[in-house]
Amino acid sequence: MSGPLVLGIETSCDETGIGIVAGSTLLADAIASSVAEHARFGGVVPEVASRAHLQAMAPTLQRAIDTAGVGLADVDAIAVTAGPGLSGALLVGVSAAKALGLALDTPVYGVNHLASHVAVDRLEHGPLPQPAIALLVSGGHSSLLRVDDVTAEVEPLGGTIDDAAGEAFDKVARLLGLGFPGGPEIDRAAEDGRVVIDFPRGLTSRRDLQRHRFDFSFSGLKTAVARWVELAQREGREVPVADVSASFQEAVVDVLLRKAIAACTDTGVEHLLIGGGVAANSRLRSQAAERCGAAGIQLRVPRPGLCTDNGAMVAALGSAMVSAGRPPSGLGFDADSSLPVAEVQV
């Protein structure tokens, strides 16, 4: 075990995450989730999330320190998600990081949430290939990136023009009477279903590909599922939840991988990294392995527990920053709810 000891803080949405890494070795990954508090609303409520972060911060930090077997005084640097995310939620994490940095006289790095989802794979599969294409899919983001250096050089190739993939999963799950968050619920329901409904694949026509080759759109797919369910109910037919789930999931996975592999082949990049909460989806993982194998592309996907939001990914990016000699952010930076992905550090 070698390298800088870095503490990472993640509060961009509904998980309070504290991670501790030594170089590329994960020592602790403590998480407190407020998802149960949001479930009755069918989605994340920003004010509820912010209050939950406030309540969870101190005990989650203590749990991470205890698990890692280190003291706060041992930490070489602190990394914190500065954006993008929910403004109030981000402020809790940024304030905690600044307070710790000031009290401990420890450098603080304000980092990009999306770049952290790329960097986390260092903890499982070692140094990141350079360059790599990254497909990041979550409740708030669906992005294709070219990553030449995760600490400084991240180029957006495309993104969602409406709903993100994870958001579509949540909305379709609610439509089918499934729980929140929708991704795991649809994944489980689809296990017993068949792909028998040909739902649309957004932005994949020849005309769309001319303008939006690497962009995503899932709003039309969500609407198509809603209309299919409404018609079945109007005709008095039972809605086959498992089949609808499997068919919807297949449409999402097909579009994500079709465009990700096209990004690799068009740019001549041989490595594809998939991250974000939706990367925990079993169908996406199995199809990615199959399609990348057929295309001669090297695939890297972290284990499901590292795909969802966590402090370990922030610590991983912070560790990479320190190792690369990047200067810290200081204490004057702000949380930025719309931080562009190309801005790896604030």
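Read on for an overview of the structure.

Rules used throughout
- Residues numbered from 1 in each chain as written.
- Predicted model: local features only at pLDDT ≥ 70, side-chain atom pairs only at ≥ 80, totals over all residues.
- Heavy atoms only, no water.
- Helix = DSSP H or I, 4+ residues; strand = E, 2+ residues; numbered from the N terminus.
- Rg over C-alpha atoms; globule rule 2.2 N^0.38 Å.
- Buried < 20%, exposed > 50% of the residue type's maximum accessible area, 1.4 Å probe, protein only.
- Contact = heavy atoms within 4.5 Å.
- Areas by Shrake-Rupley, 256 points an atom, 1.4 Å probe, with all protein chains shown as cover.
- Lys, Arg positive; Asp, Glu negative; His and termini not counted.
- Charge placed at Lys NZ, Arg CZ, Asp CG, Glu CD.
- Expected span 1.5 Å × (residues − 1).
- Arc of directions from axis to C-beta.
- Pairing = 2+ DSSP bridges.
- Axes fitted to C-alpha atoms, helices over the stretch in contact; angles between N-to-C directions.
- Phe/Tyr/Trp six-rings, centres within 6.5 Å; stacked < 30°, edge-to-face > 60°.
- Lys NZ or Arg CZ within 6 Å of the ring centre and 35° of its normal.
- Salt bridge = Lys/Arg side-chain N within 4 Å of Asp/Glu carboxyl O.
- Polar contact = N/O pair within 3.5 Å; in protein donor to acceptor, adjacent residues only side chain to side chain.

Turning our attention to the overall build of the protein chain. Assigned secondary structure in the protein chain consists of 13 helices and ten strands. Its C-alpha atoms give the protein chain a radius of gyration of 20 Å, near enough to 20 Å, the size a compact globule of 346 residues would have. By its C-alpha atoms, the protein chain is 65 × 45 × 30 Å across when sized along the principal axes. Among the 346 residues that make up the protein chain, the fraction classed as buried is 53%. Counting contacts in the protein chain only where the partners sit at least 6 residues apart, residues at least 24 apart contribute 73% of the total. As displayed, the protein chain has an accessible area near 14000 Å², and 49% of this comes from carbon and sulfur atoms. The distance from the centre of the 27 positive side-chain charges to the centre of the 40 negative ones in the protein chain is 7 Å.

Our focus in this paragraph is helix H11 (residues 282–295). Between the first and last C-alpha of H11 there are 20 Å, a value that for 14 residues agrees with the 20 Å anticipated at 1.5 Å per step. Turning to H11, its buried residues number three or more, namely Leu284, Gln287, Ala288 and Cys292. Considered in projection along H11, the buried side chains sweep an arc of 125 degrees and stay on one side of the axis. For H11, exposure combined with an orientation more than 90 degrees from the buried face picks out Glu290, Gly293 and Ala294. Turning to H11, the residues buried within the fold contact strand S6 (132–137), helix H10 (241–267), strand S9 (271–275) and strand S10 (298–300). The positive-phi residue at the C-terminal boundary of H11 is Gly296, with phi of around 75 degrees.

Before going further, it helps to spend a moment on the sheet that holds strand S2 (residues 15–22). A sheet is described by the order of its strands in space; here five strands give the open sequence S3-S2-S1-S4-S5, paired in mixed fashion. Edge positions in the sheet fall to strand S3 (25–33) and strand S5 (108–112), since each has one partner strand and no second. Taken pair by pair, the neighbouring strands of this sheet meet at an average axis angle of 20 degrees, ignoring direction. Bridging between S2 and S3 involves eight bridges; their strand directions are antiparallel. Within S3, the residue paired with Gly17 across the bridge is Ile31. With respect to the sheet, helix H3 (residues 87–104) is in contact with strand S1 (5–10), strand S4 (77–83) and S5, its orientation differing from that of S4 by roughly 155 degrees.

A word on the sheet that holds S6. Hydrogen bonds between backbone atoms are what pair the strands of a sheet, whose relative direction is either parallel or antiparallel. Read from one edge to the other, the open sheet built from five strands follows the order S8-S7-S6-S9-S10, with strand pairing classed as mixed. The strands lining the two open edges of the sheet, one partner per strand, are strand S8 (153–159) and S10. When strand polarity is set aside, the average angle formed by the axes of neighbouring strands in this sheet is 25 degrees. Both S6 and S9 contribute to a ladder of four bridges, which runs parallel. Bridge pairing links Leu136 to Gly275 in S9. Packed onto the sheet, H10 meets S6, strand S7 (142–149), S8 and S9 and runs at close to 160 degrees relative to S6.

On to the packing of aromatic side chains. All told, the structure shown has two aromatic pairs when counted by the stated rule. Summarising the aromatic geometry, the rings of Phe169 and Phe248 are spaced 5.1 Å apart at their centres and angled 75 degrees between planes, so their arrangement reads as edge-to-face. Taken together, the residues Phe169 in helix H6 (residues 165–175) and Phe248 in helix H10 connect sequence positions 79 residues apart. Neither residue differs from the other here; Phe169 and Phe248 are each classed as buried. Ring plane angle 10 degrees and centroid distance 6.2 Å describe the contact between Phe216 and Phe218, whose orientation is recorded as stacked. In this structure Phe216 comes out as buried when scored by relative accessible area, which is 0%. The residue whose ring lies beneath Arg237 is Trp228, and the NZ or CZ to ring-centre distance is 5.6 Å.

In this structure, Ala36 sits in helix H1 (residues 35–39). A sequence separation of 48 residues divides Ala36 from Pro84, and the C-alpha atoms of the two residues are 23 Å apart.

With respect to the helices and strands, the residue Asp215 is situated in the loop between helix H8 (206–211) and helix H9 (219–234). Among buried Asp, Glu, Lys and Arg side chains, Asp215 stands out as unpaired, with Lys259 the closest opposite charge at 6.9 Å. In this structure the side chain of Asp215 is engaged in a polar contact, spanning 2.9 Å, whose partner is the side chain of His212. With near-sequence residues (within four places) excluded, Asp215 lies in contact with Gly158, Gly159, Ile161, Leu203 and Lys259.

What follows is about unusual backbone geometry. Glycine aside, the phi torsion of most residues is negative, and most peptide linkages are trans. A cis amide bond, omega -10 degrees, links Gly83 with the succeeding residue Pro84. Within the fold, Pro84 resides in the loop between S4 and H3. Residue Pro131 is reached from Gln130 by a cis peptide bond, and omega for that bond is 0 degrees. For Pro131, the location among the structural elements is in the loop between helix H5 (122–125) and S6. Its identity is not glycine, yet Leu203 carries a phi of approximately 55 degrees, on the positive side. Secondary-structure assignment places Leu203 in the loop between helix H7 (182–190) and H8. Under the relative-accessibility criterion, Leu203 is labelled buried at 9%.

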